[in-house]
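Architecture at a glance
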Amino acid sequence: MKIAFTAKGTGWDSPIDPRLGRTEYILLYDEDKDELSVTDNREIEGVAHGAGPKTAQLLFDINPDVLITGNGPGDNAAVVLKQIPMKIYVGAGELTVKTALEAYKNNELKEF
Amino acid sequence: MKLTIASGKGGTGKTTFSTNLAMYLAEQYKVVLTDLDVEEPNSGLFVHGRQTHQQDMFKMIPEWDKNVCTLCGNCQQLCSYHAVMKLGSQVMVFPELCHGCYACSELCPAHALPMHQIKMGELRQYRAGNLDFIDSRLDVGQEQAVPLIAQTLDYVERNFDTAYLKLYDAPPGTTCPVIKATQDADLVILITEPTPFGLHDLKLAIETMRELEKDFVVVVNRFGIGNDDVLRYCEKEGIIVLAKLPNDRHIAELYSRGELVYPHIPEFAEQLRLIGDFIMSQQGMQS
């Protein structure tokens, strides 16, 4: 299974970025290979309009099974994310990537 | 002559000032007032007129034709607003993000994004005494103010000749809708209040007007509160402070009842007279 996180940094101890559209990084944990890979999304800072769909498109390309984030997608991003057979869990905005994964495993996060 | 009333900061008195100035000048001149704050127009609360015209306003957005699309992805490369997006084997259009620029549609090699119209709002025209008043209103859920502002400006230009003094009440701030509302103005009146917030946002508005190379003057509202920093700043920068509207509880009471101020407050009327004289000296307009 592949689990994606919106994050403010590139490692396990990085805080989750509560924003989906304007997340700085998307981390992808491949459970089978036990690998964490990083997609840099920082260019979104300079994007005035449509950050939500743009980042959602990136997630479409990454194509994870699960996304763990904070606030959840806005309306436009949600339209794009509906095209992906991916479950979204929200409410991890105060956690780190590592603790968010644990929270997900313990069924402590809310499905969007 | 086209005159836009703008402000950096919200709540500085654009609407109070525009509606009073418009009604005051309409006693002598041909005046049309247009509320361009299409997201929350409120001039109509103070201009009590009879509706003479109403029309729906439309904007053009692309619609994807999957039968002819070659999925080249050109459209999403072109769109500055991420309003068109290729996802796998489909192209999605986000009408709320679309600015109606036609780029994706015109440059689609397969002509797979023909433009079609959607309703974005309504325009209403009123007659109040001698004043013509126009109010455009964005529909709930519509996010783009600029296309409606642009079409409202076109409507006014088409329907009112150069004998009219055209007053435009702009939205607050310094964003795209304000730029659209000011870019064709012959003169911009920036209204502010003599407070640190007022000065801070006035500076942003001045910076914007300088970038647009607009002639502008300043009107200070609620004169008497705060401090002298706005006046000192304008003096240092060589900016004309055209008038100082008094701070007066009576004005707030009139406002709260949706009434005009100048018929009741002589000092307010006197300041409007100064402003009117200045505008007419710029315009050389005959009564």
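Here goes a summary of the coordinates provided. (Residues numbered from 1 in each chain as written. Chains lettered and ligands numbered in written order. Predicted model: local features only at pLDDT ≥ 70, side-chain atom pairs only at ≥ 80, totals over all residues. Heavy atoms only, no water.)

1. Regarding the overall build of chain B
- Regarding its fold elements, chain B presents nine helices and 11 strands.
- Its C-alpha atoms give chain B principal-axis dimensions of about 70 × 45 × 35 Å.
- When each of the 287 residues of chain B is scored for burial, the buried share is 51%.
- Across chain B, every contact between residues at least 6 apart in sequence was considered, and the portion connecting residues at least 24 apart equals 72%.
- Split by element, the accessible area of chain B, about 13,100 Å² in all, is 47% carbon and sulfur.
- One way to put it: in chain B the 25 positive side-chain charges average out to a point 1 Å from where the 37 negative ones average out. (Helix = DSSP H or I, 4+ residues; strand = E, 2+ residues; numbered from the N terminus. Buried < 20%, exposed > 50% of the residue type's maximum accessible area, 1.4 Å probe, protein only. Contact = heavy atoms within 4.5 Å. Areas by Shrake-Rupley, 256 points an atom, 1.4 Å probe, with all protein chains shown as cover. Lys, Arg positive; Asp, Glu negative; His and termini not counted. Charge placed at Lys NZ, Arg CZ, Asp CG, Glu CD.)

2. Quick notes on the state of the cysteines
Residue and element names in this part refer to chain B.
- Across all of its chains, the model carries zero disulfides over all chains by this definition.
- With no disulfide partner, Cys 79 has as its closest neighbouring cysteine sulfur the one in Cys 101, 6.4 Å distant.
- Judged by relative accessible area, which is 17%, Cys 79 ranks as buried.
- For Cys 176, which is in no disulfide, the shortest distance to another cysteine sulfur is to Cys 101 and amounts to 13 Å.
- The exposure class of Cys 176 is partly exposed, given its relative accessible area of 48%. (Disulfide = S-S within 2.5 Å.)

3. Things to note about the packing of helix α1 (residues 14-26) of chain B against helix α9 (residues 266-283) of chain B
Residues and elements named next belong to chain B.
- At a minimum axis separation of 10 Å, α1 and α9 run at an interaxial angle of 70°. Of the possible angle classes, the one that applies to α1 and α9 is roughly perpendicular. Here Phe 17, Asn 20, Leu 21, Tyr 24 and Leu 25 of α1 come into contact with α9, specifically with Phe 268, Ala 269, Leu 272, Arg 273, Ile 275, Gly 276, Ile 279 and Met 280. (Axes fitted to C-alpha atoms, helices over the stretch in contact; angles between N-to-C directions. Parallel < 35°, antiparallel > 145°, perpendicular 65-115°, else oblique.)

4. Comments concerning the side chain of Gln 271 of chain B
- Within the secondary structure layout, Gln 271 of chain B lies in helix α9.
- Non-local contacts of Gln 271 of chain B, meaning those with residues more than four positions away in its chain, are made with Ala 243, Lys 244 and Leu 245 of chain B.

5. Description of the pattern of salt bridges
Residues and elements named next belong to chain B.
- Using the criterion set out here, one finds 20 salt bridges over all chains in the structure.
- Across the pair Glu 253 and Arg 249 runs a salt bridge whose closest N-O atoms are separated by 2.9 Å. One end of the pair is Glu 253 and the other is Arg 249, both in helix α8 (residues 249-256) and four residues apart, which spans about a single turn.
- Taking the relative accessible area as the measure of exposure, Arg 249 reaches 67% and is therefore exposed.
- Within this structure, Lys 119, Glu 122, Arg 124 and Asp 139 form a network of salt bridges that share partners. (Salt bridge = Lys/Arg side-chain N within 4 Å of Asp/Glu carboxyl O.)

6. Considerations on the environment of Cys 75 of chain B
Residue and element names in this part refer to chain B.
- For Cys 75, the location among the structural elements is in helix α2 (residues 74-78).
- On the accessibility criterion, Cys 75 (8% relative accessible area) is buried.
- If we skip the residues at most four places from it in the chain, Cys 75 touches Val 84, Val 91, Cys 104 and Leu 113.

7. What about the packing of helix α6 (residues 196-211) of chain B against helix α7 (residues 229-237) of chain B?
Residue and element names in this part refer to chain B.
- Where α6 meets α7, the axes come as close as 10 Å, and the angle between the chain directions of the two elements is 25°. On the basis of the axis angle, α6 is roughly parallel to α7. Crossing of α6 against α7: the hand is right-handed. Residues Leu 199, Leu 202, Lys 203, Ile 206 and Arg 210 of α6 touch α7, and the partners they reach there are Asp 229, Val 230, Tyr 233, Cys 234 and Glu 237.
- Residue composition of the contact of α6 with α7, grouped by class: six nonpolar, no polar and four charged. (Left-handed = near helix turned anticlockwise from the far one by under 90°. Nonpolar A, V, L, I, M, F, W, Y, C, P; charged D, E, K, R; others polar.)

8. Observations concerning α7 of chain B
Residues and elements named next belong to chain B.
- Taken together, the buried positions of α7 are Val 230, Tyr 233 and Cys 234. Take α7 and look down its axis: the buried residues cluster within an arc of 95°, on one side only. Projecting away from the buried face of α7 at angles above 90 degrees are the exposed residues Arg 232, Glu 235 and Lys 236.
- Buried residues along α7 sit in contact with β9 (187-192), α6, β10 (216-223) and β11 (241-246). (Arc of directions from axis to C-beta.)

None of this, on its own, says anything about what the molecule does.
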